[in-house]
Amino acid sequence: MDAPISKMADLEGKAYRTVVDRYYTPGYRTDVQGRHREDLCILQHSNKVCIVTLAASHPLMADGKTVARVDFQVTEKVNRLDNKVIGKGKRGAQWLQESSPLCRVTCTDNTEFTLYSCIKGKLVEVNENLINSPQLLTEKPSSEGYIAIVLPKFGESDKEMARLLSQQQYQDALERRGREATSEARERDLVQARSKMEEEESSSSTDPGKDQAGGSKDSGDEPNQKRAKLEVTDKEQPSS
Amino acid sequence: MAEELKQLKLFSDVAAMLAPARSLREAGCCPCCLLRFLGEKDCHIYQKSAEELQTVAHILCNQPQGNADSATGDNKCVNTDDIPCIACLGILQHGCSEEFLDRIQSKMEEECYKSQLFSLSLMTPIQLLVREHAVMLFLRERFSDLYTGQSIDKVTSMKDVYKWRCGPRLKDKLNMEYHHQSPFLIQLMFEHKETETECSFLISACPKVFPTNSRKRKRDSEQTVLNRTSVTRAISSLSESKFMSLVRCPPEKVDTMCRCQELTCYHEAVFVAGRYNKYSRTLSQTPWVVDGERRGETSVSELICTRIKAMFMAQEYRFSSAGREDVDVRTLGRGRPFLVELIQPHISDVPPDKMKLLQQEINSGTTDIAIRDLQVVSREESGKLKVGETEKTKSYSALVRVEKPIQPDDLKFLEEITDLTLAQKTPIRVIHRRPLASRDRVIHNMSGEYIDSQHFRLHLKTQAGTYIKEFVHGDFGRTQPSLSTLMHMDTDILELDVESVDVDWPKTIDE
C-alpha cells in the first residue's frame, strides 16, 4: 500500500511561489490620506480575509528609516490593542473605515507616520509583535511585520479590493511618480539656477538664451513648457 | 375444556365469573377483551387461536357444567370476530388476523428489510382510553363486590395482549426473533374514524385540564389539545358519577373495525468503522461546494460511503473521522480511523466476509483512496473515534524549502528538540470561520532528512490539533516558535504527508 514518493523534479518544474504569492492577491493604495508616497499594500487571502501591510515604496522602507516605536493608541479614546473579538463572527470588533488609523510609527530620526486601514471591515487583530520588535515592520513587511488583519463584511471583500490598485496599476503609478520626481528635481535645479543667475545678473550681464535653452530641453513635460513660455512672454512684454 | 377452565386463574370462584362475563359479552366485548376484564394475565391463554378463544368465551358465559351445544344457545352472547369489540375496536380481532399479519410480511419483503430481531410498537386511538374507563365503571357499578378497588391498571393492557398474540406468529412469517429491545421496530398506527370525536366532550367537561383561554383555543385544533396525557388527566379528574353522566357505560357498539392507517419501520443506526489512506493531493474530505458550485468530482467520504450505504440499504449516511487533512495532503501508513453512521438501514446484518468483499470493492474502484479494517461496530464503540481526534498524537513528513543554503549538519539540531510547546494563533487561512484564539500545541520530536542545499524533508510527531503548515512557514509570525524562527531563515512548506495517526481503534483486521 506504499504510494510513490513525489519526485523533486516535478516540483521544480513549476516556478517556486511564496506563501504570499500562492494564497494572497495584493491591492495597493498610494498616497494614503493624500500623503505623498505613503503607500500601503492590502493582501487578500482566498478566503477573503485582508492583511494590511507596508508597501515597499513607503518612505519607511524606501528611505531606509529605522523604526523605533509602534504605538496603537491612535486617538484619545481608541487603542487598537483594546480590540476584543468573540466567536466566528468576530463580535465586538472595532469597525474600520478606509481612513481609520491603525497605528503611529516613530523612527529613530524622530519622523512620524500614521498607517491607515485603507479598507472597510472589522479589525480582527493588530500585530502585537510590533510592540517589542518594531523593526519587523520594515524588515519583514509582508510576513512577520504585517500591520493588521481586517475582515470585511460578508460578500464585500472583493468590492473593497476593487477600489484599490492592482499590481500593474501600482507599478504604473510608481513609474509616473518616478517621472514626476525627475521633472520636479529638474524644476528645482532650474529654479536654483535662475536665482543664482539673478544674483549674478545684479553684478554682471546674463545670457538670455540660457533660460530658454533650459526650458525647451524638456519637451515631454507640460509644467516646464509652460514655464518656458512664461519666461519668453515676460521677456517679450514691455517692462511694466 | 374443564381442565382449561381450571387453568384460567381468575377469581377463585369460577361461578362468580359467569355474570360479569355475560354482561361484557352482551355489551359487545370480543373474547380477548372479555378475558382481559375478567383479570386473565396468562399470556398463553391469549395466544390461542381465534376459534379457541371464541369457545373459551362461550364457556365462560354459560353454566360451568354447560352442554356442548350451548354455543347455539343465548343469541345475545354471540359475538363473532366480525362484530367490532366495544373496548378494543377490533385491534385484538382483525388486527391479529392472518390477513393483517400477511400484510406486514409483504411490506417487509417489498422494502427488503432484513434483521435478526424485531419488536412491535402500537399506536392506538385515544378514544380507547375513554372506552376502557367506561367499561371499568360499568363493571364497578354492576358488580361492585368484585370490582371495587380494581383499577384499569390491573387489567392486562391491550398492547401486551397484541404483542403476545402477534409476536410469535410474526416471528415465523418474518424469520426474525422477537425482542423488546430490538434495534428494528415495526410501528403500527391504528385509527378509528367512526369514534374520532368521542373525546371532545372532555374539553368542556374538564376546564381545569383544558383552560378555556379563548386565544389559545382558537389557535390549537382539537387534535393538538387532545393527546394521550391530557386525556388521561382529564379522565382521572372526573368523578365516577360525573363521567357516567357524560358517557354511556358500557360504551356504544360500533359498526366499523379499527384500521391500520400507517405501517412504518424504524431501524436504529448501524455504525461501520475502518481506516483510510489518501493518495491524491486534489481530493477533499467531504463534498466541496463554493457559492452553490461543486468543486471537484468526488471526495473521500463519497468514495468510501456510497457503496457502504448501498450494501446496508440505508436512507442516508454520516461520515466522520479522527481529525482530517487538507485537500493537498496525503495520508499514508496505516491510515486515519473513520466512522460511517448509516441512518435507517434496511439491512443490518452483514457478516464479516461480506464486509471484506465490500472493502475490496471500494479499494478496486479508485486509486485515490484505500480502506482497511472495515467492520461493523456498536454505538458505544463509535465514541472512541473522537477520543482519537483530540487526544492522540500524529506523525507527519513535510517537504521544506529554505531561503538560505543549508548543509546536512544544519539539520542535526532538530533531533535534539523534544516536547517543544508552540503558541499557535488561529491560522489566517481559517480565521474567517473560526474564533480568534491562541492554542498551545506540543511537538514531541523532529528530524530532518537532507535533500539538497535548498530542500529537506522534515519528520515530526505532534500533539493532535497542531497546524503543521503554520509551524513551518510561521503564518505571519503568529505561530511562535516556528521552523523559520528555529532555523533563523524563511522556510516554506511545499508538500505535506500524514505518516501515522496514532489511534488504536478500530480493531485491526487486515495485516
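Residues numbered from 1 in each chain as written. Chains lettered and ligands numbered in written order. Predicted model: local features only at pLDDT ≥ 70, side-chain atom pairs only at ≥ 80, totals over all residues. Heavy atoms only, no water.

Under an unreviewed UniProt entry, chain B has the name tRNA pseudouridine(55) synthase and belongs to Branchiostoma floridae.

Chain A carries the name Protein Abitram in an unreviewed UniProt entry, which gives Branchiostoma floridae as its organism. What UniProt records for chain A under Sequence similarities (unreviewed entry) is the sentence "Belongs to the ABITRAM family." (UniProt positions renumbered as here; feature names shortened; annotations may be inferred.)

With that settled, the discussion passes to the overall build of chain A. For chain A, the helix and strand inventory stands at nine helices and nine strands. Looking at the 240 residues of chain A, the share that counts as buried comes to 38%. Of the roughly 14,300 Å² of accessible surface on chain A, 48% is carried by carbon and sulfur atoms. (Helix = DSSP H or I, 4+ residues; strand = E, 2+ residues; numbered from the N terminus. Buried < 20%, exposed > 50% of the residue type's maximum accessible area, 1.4 Å probe, protein only. Areas by Shrake-Rupley, 256 points an atom, 1.4 Å probe, with all protein chains shown as cover.)

Another aspect to go through is the overall build of chain B. The helix and strand tally for chain B stands at 21 helices and 16 strands. Taken over C-alpha atoms, the radius of gyration comes to 35 Å for chain B, far larger than the 24 Å a tight globule of 511 residues would show. Taking the principal axes of its C-alpha atoms as reference, chain B extends roughly 110 × 55 × 45 Å. Counting every position in chain B, which comprises 511 residues, the buried fraction comes to 50%. Relative to all contacts within chain B whose residues are 6 or more apart in sequence, the contacts with residues 24 or more apart total 79%. With an accessible surface of roughly 24,600 Å², chain B has 49% of that area assigned to carbon and sulfur atoms. Chain B carries 68 positive and 74 negative side-chain charges, and their two centres are separated by 5 Å. (Rg over C-alpha atoms; globule rule 2.2 N^0.38 Å. Contact = heavy atoms within 4.5 Å. Lys, Arg positive; Asp, Glu negative; His and termini not counted. Charge placed at Lys NZ, Arg CZ, Asp CG, Glu CD.)

A separate point is the sheet that holds strand β1 (residues 24–29) of chain A. Residue and element names in this part refer to chain A. With antiparallel pairing, the six strands of this open sheet are ordered in space as β1-β2-β3-β9-β8-β5. Two strands close off the open sheet at either side, each with one partner strand: β1 and β5 (95–96). Sheet topology note: the strand β8 (residues 121–126)/strand β9 (residues 148–151) ladder contains four bridges and is antiparallel. Bridge pairing links Leu-123 to Val-150 in β9. (Pairing = 2+ DSSP bridges.)

Right, let's talk about the sheet that holds strand β4 (residues 67–71) of chain A for a bit. All names here are of chain A. Pairing is antiparallel across the open sheet formed by three strands, whose spatial order is β4-β6-β7. Either end of the sheet is taken by a strand with one partner, and the two such strands are β4 and β7 (112–116). Between one strand axis and the next, the sheet turns by 25 degrees as a mean value, whatever way the strands run. (Axes fitted to C-alpha atoms, helices over the stretch in contact; angles between N-to-C directions.)

On to the nonpolar core. All names here are of chain B. Tyr-162, Ile-186, Leu-188 and Leu-202 are the most contacted members of the largest nonpolar core, which totals 79 residues. Of all the elements, helix α7 (residues 127–142) adds the most residues to this core, at eight residues. With 34 residues, the next largest nonpolar core counts Phe-271, Ala-273, Ala-398 and Leu-422 among its residues. (Core = buried A, V, L, I, M, F, W, Y, C linked by side-chain atoms within 4.5 Å.)

The next thing to look at is the environment of Ala93(A). Positionally, Ala93(A) belongs in the loop between β4 and β5. Sequence separation between Ala93(A) and Val19(A) is 74 residues, and the spatial gap between their C-alpha atoms is 27 Å.

So, on to the pattern of salt bridges. Pairing is possible between side chains that carry opposite charge, provided their charged atoms lie close to one another. Residues and elements named next belong to chain B. For the coordinates displayed, the defined rule picks out 39 salt bridges over all chains. Measuring nitrogen to oxygen at the nearest pair gives 3.7 Å for the salt bridge that ties Glu-111 to Lys-107. The exposure class assigned to Glu-111 is partly exposed, which follows from its relative accessible area of 29%. On the basis of relative accessibility, which here comes to 23%, the residue Lys-107 falls in the partly exposed class. Salt bridges sharing common partners tie together Arg-281, Arg-330, Arg-457, Glu-495 and Asp-497. (Salt bridge = Lys/Arg side-chain N within 4 Å of Asp/Glu carboxyl O.)

A few words on the packing of α7(B) against helix α13 (residues 228–237) of chain B. Residue and element names in this part refer to chain B. Interaxial distance between α7 and α13 falls to 9 Å at its minimum, and their mutual angle equals 25 degrees. For the element pair α7 / α13, the angle class is roughly parallel. In this structure, α7 crosses over α13, and the sense of that crossing is right-handed. Mapping the contact onto sequence places Leu-129, Val-130 and His-133 in α7 and Arg-228, Val-231, Thr-232 and Ile-235 in α13. Considered class by class, the residues forming the contact of α7 with α13 number four nonpolar, two polar and one charged. (Parallel < 35°, antiparallel > 145°, perpendicular 65-115°, else oblique. Left-handed = near helix turned anticlockwise from the far one by under 90°. Nonpolar A, V, L, I, M, F, W, Y, C, P; charged D, E, K, R; others polar.)

The next thing to look at is the interface of chain B and chain A. With 34 residues of chain B in contact, the opposing surface of chain A contributes 34 residues. Regarding the contact of chain B and chain A, the summed buried area is about 2,700 Å², with carbon and sulfur atoms giving 59% of it. The interface formed by chain B and chain A contains four salt bridges. The shortest N-O distance in the salt bridge between Asp490(B) and Lys140(A) comes to 3.2 Å. Those elements that place two or more of their residues in the side of chain B that touches chain A are β9 (329–343), β10 (369–377), β11 (394–402), β14 (455–462) and β16 (491–501) of chain B. Sort the elements by how many residues they give to the side of chain B that touches chain A and β16(B) lands first, with four residues. Grouping the constituent residues of the side of chain B that touches chain A by class yields 14 nonpolar, six polar and 14 charged. (Buried area = accessible area lost by both parts, 1.4 Å probe.)

Residue and element names in this part refer to chain B. Here Ser-245 is to be found in helix α14 (residues 240–246). Residue classification places Ser-245 among the exposed residues on the basis of a relative accessible area of 55%. Within the structure, the side chain of Ser-245 is placed 2.5 Å from the backbone oxygen of Lys-242, a separation counted as a polar contact. (Polar contact = N/O pair within 3.5 Å; in protein donor to acceptor, adjacent residues only side chain to side chain.)

All names here are of chain B. Most of strand β1 (residues 117–123) is tucked away, with five of its seven residues classed as buried. Examined bridge by bridge, β1 and strand β2 (residues 177–178) share two bridges and lie parallel to one another. By the bridge assignment for β2, Phe-118 is matched with Tyr-178. Note: β1 against strand β3 (residues 184–191), five bridges, orientation parallel. Bridge assignment links Met-123 to a residue of β3, and that residue is Met-189.

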